[in-house]
Amino acid sequence: MADHDLTSSLLPAESSDRVDVILRIEDDDGGPPVQINNQNGNHHDPRLCFSNPYGFLGSDGFSVPEMTTVDPFRNNTPSIDGVYEWVKIVVCIPIALARLVLFVLCLLVGYIATKTALHGWKDKENPMPKWRCRLMGVTRLCGRCILFSFGYHWITRKGKPAPREIAPIVVSNHVSYIEPIFYFYELFPTMVAAESHDSIPFVGTIIRAMQVIYVDRFSPASKKHAISEIKRKASCNKFPRVLLFPEGTTTNGRALISFQLGAFLPGYSIQPVVVRYPHVHFDQSWGLVSLPKLMIRMFMQFHNYMEVEYLPIISPRYNGKESTLEFAKRTSRAMATALNVVQTPHSYGDLTLLTKAAEANQETPSDYMIGMSKMEQVSSLEVVDFLDKFLSMNPDSSGRATYNGFIRALRLEACAVAEEIFSFIDIEKMGTITFKQYLFGSLHVMKLQGFQRSCELILTECSNGDKISEQKLAELIRPAISDLNTDKAHELFKLFDTDGDGKISKNDLCGCLRRNPLLIALFSRCLLPSL
């Protein structure tokens, strides 16, 4: 028997003249063709392989970043569960009726007192006169009685509020609608609130008496005005102290989400306050529970626990020259440490995504949260638009969309370039895609260096320089979709013609491609010679 050294192969090598075998299998469930490659040889037909449809922009693929598994918005007891809870509810029905009467009576008395205090007062840019403030004391007392009606018979306090002259701004975590009522009674501050609160019956009148600073969270101009008002009122000792909930929305109290910077931009000393709701059977956080249901559950409790802790004052370092972001981070860490909870990158935008996914009957709506505070170059509204587009793909309850749903939402037809786009997004090669894959794939394409230049080059291909007609759009796309028919071309034209004037302007084109960046692949064939 022949001797063999350690480098000899144990099996003879196969013949090298065998060509690649590439199979494309059409699924019956609407998935894209599945590609199976045998790459032992050197001969293959590239037309049969999926290629990167965004390679012409410099893309080499993308990945979906790891996400935190913490859900800071989920209520632990969204429904009544257990014999004890049902027995307690039955026993508490008479008590709940009495509490409801007390609540309505206090709200009515507080409303009348507030209307009286506001009557004839026109100069609302300056602090409220002292006699009107004393009259508001009746409303503040009604606020404490309302807390009593909700089962907060006593409230545990730790620490004390700092003098307004030392810490003109107070920040607090936000778990329920209970904290604003408590702070109204305890501090009578000027609050920062959403503009929508002004239209709430009774409540809108009361918060107007607090000279509330209204802000539209989606309007840069409104945010800028709110910051200016925070600085103006914090700098004047005649105004009450300013209270902000820097998280911008309610959480379940088991995490602290990212802080908005409005409280920290003026550069004044801040007193953080943390609120806890110890419980065993009933989670008092707002979560995705409706307000009427949450109120009824509170009426049905023997007693609800609430703890308020005033933390030491935090001031900007380096003689007030510390960056706003670092100032906010230090405050957030102090509050998270006091609460003994984790900090997460979620924001109000994540709550919007969670709510939309829950309304779409997704099994795990928390999978749609992305940690919005870490997102760059894209706004919350734009991310919500991406979610709306994904939901139009009709994903199943587990949150996965098929190829057919994908091309229908993007107004494409089954073709090679559509298969390439879907395969690019389907990084797991499962034949279906998730919202995060669609979102981060779209953002990856939009952030490529060649994306904006490609939008400009598309316009230079037009005959009249600044407008694209329906016929010209079809000519630009046909190299990528050779069998493009008139109906499908018209559908794509309506998608791009956002203002409906029968022509695609630069704003139409750039706006559409920013909302649907994956469609830039349709122009790859006509752009390649220019890039």
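Keep in mind the model is a prediction, meaning the values are calculated, not measured.

The rules behind these values
- Residues numbered from 1 in each chain as written.
- Predicted model: local features only at pLDDT ≥ 70, side-chain atom pairs only at ≥ 80, totals over all residues.
- Heavy atoms only, no water.
- Helix = DSSP H or I, 4+ residues; strand = E, 2+ residues; numbered from the N terminus.
- Buried < 20%, exposed > 50% of the residue type's maximum accessible area, 1.4 Å probe, protein only.
- Contact = heavy atoms within 4.5 Å.
- Areas by Shrake-Rupley, 256 points an atom, 1.4 Å probe, with all protein chains shown as cover.
- Core = buried A, V, L, I, M, F, W, Y, C linked by side-chain atoms within 4.5 Å.
- Pairing = 2+ DSSP bridges.
- UniProt positions renumbered as here; feature names shortened; annotations may be inferred.
- Polar contact = N/O pair within 3.5 Å; in protein donor to acceptor, adjacent residues only side chain to side chain.
- Salt bridge = Lys/Arg side-chain N within 4 Å of Asp/Glu carboxyl O.
- Disulfide = S-S within 2.5 Å.
- Axes fitted to C-alpha atoms, helices over the stretch in contact; angles between N-to-C directions.
- Parallel < 35°, antiparallel > 145°, perpendicular 65-115°, else oblique.
- Left-handed = near helix turned anticlockwise from the far one by under 90°.
- Nonpolar A, V, L, I, M, F, W, Y, C, P; charged D, E, K, R; others polar.

A word on the overall build of the protein
Inference 1: When you go through the protein residue by residue, the secondary structure sums to 18 helices and 13 strands.
Inference 2: Relative to its 531 residues, the protein shows a buried fraction of 49%.
Inference 3: Look at the contacts in the protein between residues 6 or more apart in sequence, and 70% of them connect residues 24 or more apart.
Inference 4: For the protein, the exposed area adds up to about 26,500 Å²; of that, 56% sits on carbon and sulfur atoms.

Here's the deal with the nonpolar core
Inference 1: Within the largest apolar cluster, 71 residues are counted, with the highest numbers of intra-cluster contacts made by Ile370, Phe406, Phe435 and Phe523.
Inference 2: Looking at which element gives the most residues to this core, the answer is helix 13 (residues 435-447), with seven residues.
Inference 3: Once residues within four sequence positions are removed from consideration, Ile370 is found in contact with Met67, Asp350, Leu353, Met375, Val383, Phe435, Lys436, Leu439 and Phe440.
Inference 4: In this structure, Ala96, Phe184, Val212 and Val308 belong to the second largest nonpolar core, which totals 49 residues.

Some thoughts on the pairing of strand 9 (residues 270-276)
Inference 1: Strand 9 sits mainly inside the fold: seven of its seven residues count as buried.
Inference 2: Burial of the side chains of strand 9 extends over both faces: Ile270, Pro272, Val274 and Arg276 are buried on one face and Gln271, Val273 and Val275 on the other.
Inference 3: Bridge analysis of strand 4 (residues 169-172) against strand 9 gives four bridges, and the strand direction is parallel. Following the sheet pairing, Val170 is matched in strand 9 by Gln271.

A look at helix 12 (residues 416-425)
What sets the pattern is the α-helix's 3.6 residues per turn: residues three or four places apart point alike.
Inference 1: When you tally the buried positions in helix 12, you get nine out of 10 residues, the bulk of the element.
Inference 2: Of all the residues in helix 12, the buried ones are Val417, Ala418, Glu419, Glu420, Ile421, Phe422, Ser423, Phe424 and Ile425.

A few points about the environment of Asn304
Inference 1: Counting through the fold element by element, Asn304 comes out in the loop between helix 6 (291-299) and strand 10 (307-310).
Inference 2: Residue Asn304 is classed as buried on the basis of its relative accessible area of 2%.
Inference 3: Sequence separation of Asn304 and Phe282 is 22 residues, and the distance between their C-alpha atoms is 8.7 Å.
Inference 4: When near neighbours in sequence (up to four residues on either side) are disregarded, Asn304 contacts Phe150, Gly151, Tyr152, Phe282, Gln284 and Met298.

Here's the deal with the UniProt feature "transmembrane region" (unreviewed entry) in the protein
Inference 1: In the numbering used here, UniProt assigns the "transmembrane region" (unreviewed entry) feature to residues 86-114.
Inference 2: With 100% helix and 0% strand, the stretch residues 86-114 has end C-alpha atoms that lie 39 Å from each other.

Let's talk about the environment of Lys293
Inference 1: Mapped onto the elements of the fold, Lys293 is located in helix 6.
Inference 2: Taking C-alpha positions, Lys293 is 9.4 Å from Ser79, a pair spaced 214 residues apart along the chain.
Inference 3: Beyond its immediate chain neighbours, meaning those up to four positions away, Lys293 contacts Pro78 and Ser79.
Inference 4: Within the structure, Lys293 has its side chain in polar contact with the backbone oxygen of Pro78 (distance 2.5 Å).

A look at the pattern of salt bridges
Inference 1: One pass over the structure, following the stated rule, counts 15 salt bridges.
Inference 2: The partner of Arg333 in a salt bridge is Glu326, and the shortest N-O contact between them spans 3.3 Å.
Inference 3: For Glu326, a relative accessible area of 29% gives the class partly exposed.
Inference 4: The partner of Arg400 in a salt bridge is Glu428, with the nearest N and O atoms 3.0 Å apart. Taken as a pair, Arg400 in strand 12 (residues 400-402) and Glu428 in the loop between helix 12 and strand 13 (432-434) lie far apart in primary sequence, 28 residues in all.
Inference 5: By sharing partners, the salt bridges in this structure join Glu85, Lys88 and Arg297 into a single network.

Details of the UniProt feature "domain: EF-hand" (unreviewed entry) in the protein
Inference 1: Here, UniProt's "domain: EF-hand" (unreviewed entry) annotation points to residues 484-519.
Inference 2: Counted over residues 484-519, helix gives 58% and strand 0%. Its end C-alpha atoms are 15 Å apart.

Structural notes on the state of the cysteines
Inference 1: Applying the stated criterion across every chain, the model contains zero disulfides.
Inference 2: Looking at Cys455, it has no disulfide partner, and the nearest cysteine sulfur is the one in Cys510, 4.7 Å off.
Inference 3: Residue class for Cys455 comes out buried when judged on its relative accessible area of 1%.

Observations regarding the sheet that holds strand 7 (residues 242-244)
Inference 1: If you trace the seven strands from one edge of the open sheet to the other, you get 3-10-9-4-7-5-6, paired in mixed fashion. The sheet is open, and its two borders are formed by strand 3 (156-158) and strand 6 (213-215), each paired with just one other strand. Along the sheet, successive strands turn relative to each other by an average axial angle of 25°, direction set aside.
Inference 2: Here strand 5 (residues 190-194) pairs with strand 7 via two bridges, running parallel. Paired with Met191 across the bridge in strand 7 is Leu243.
Inference 3: Of the strands in this sheet, strand 4 and strand 9 are in contact with helix 8 (residues 324-339), which crosses strand 9 at around 30°.

Looking at helix 14 (residues 449-460)
Inference 1: Of the positions making up helix 14, those classed as buried are Gly450, Phe451, Ser454, Cys455, Leu457, Ile458 and Leu459.
Inference 2: Those residues of helix 14 that are buried lie in contact with helix 13, helix 15 (470-477), helix 17 (506-515) and helix 18 (524-527).

What about the packing of helix 2 (residues 130-149) against helix 3 (residues 178-186)?
The relative placement of two packed helices comes down to the angle between their axes together with the axis-to-axis distance.
Inference 1: With their axes 8 Å apart at the nearest point, helix 2 and helix 3 run at an angle of 140° to one another. Classed by the angle they form, the pair helix 2 and helix 3 counts as oblique. Our pair here, helix 2 against helix 3, has a crossing hand that is left-handed. Residue-level contacts link Met136, Thr139, Arg140, Gly143, Arg144, Ile146 and Leu147 of helix 2 to Ile178, Ile181, Phe182, Phe184, Tyr185 and Glu186 of helix 3.
Inference 2: Tallied by class, the residues present in the contact of helix 2 with helix 3 amount to eight nonpolar, two polar and three charged.

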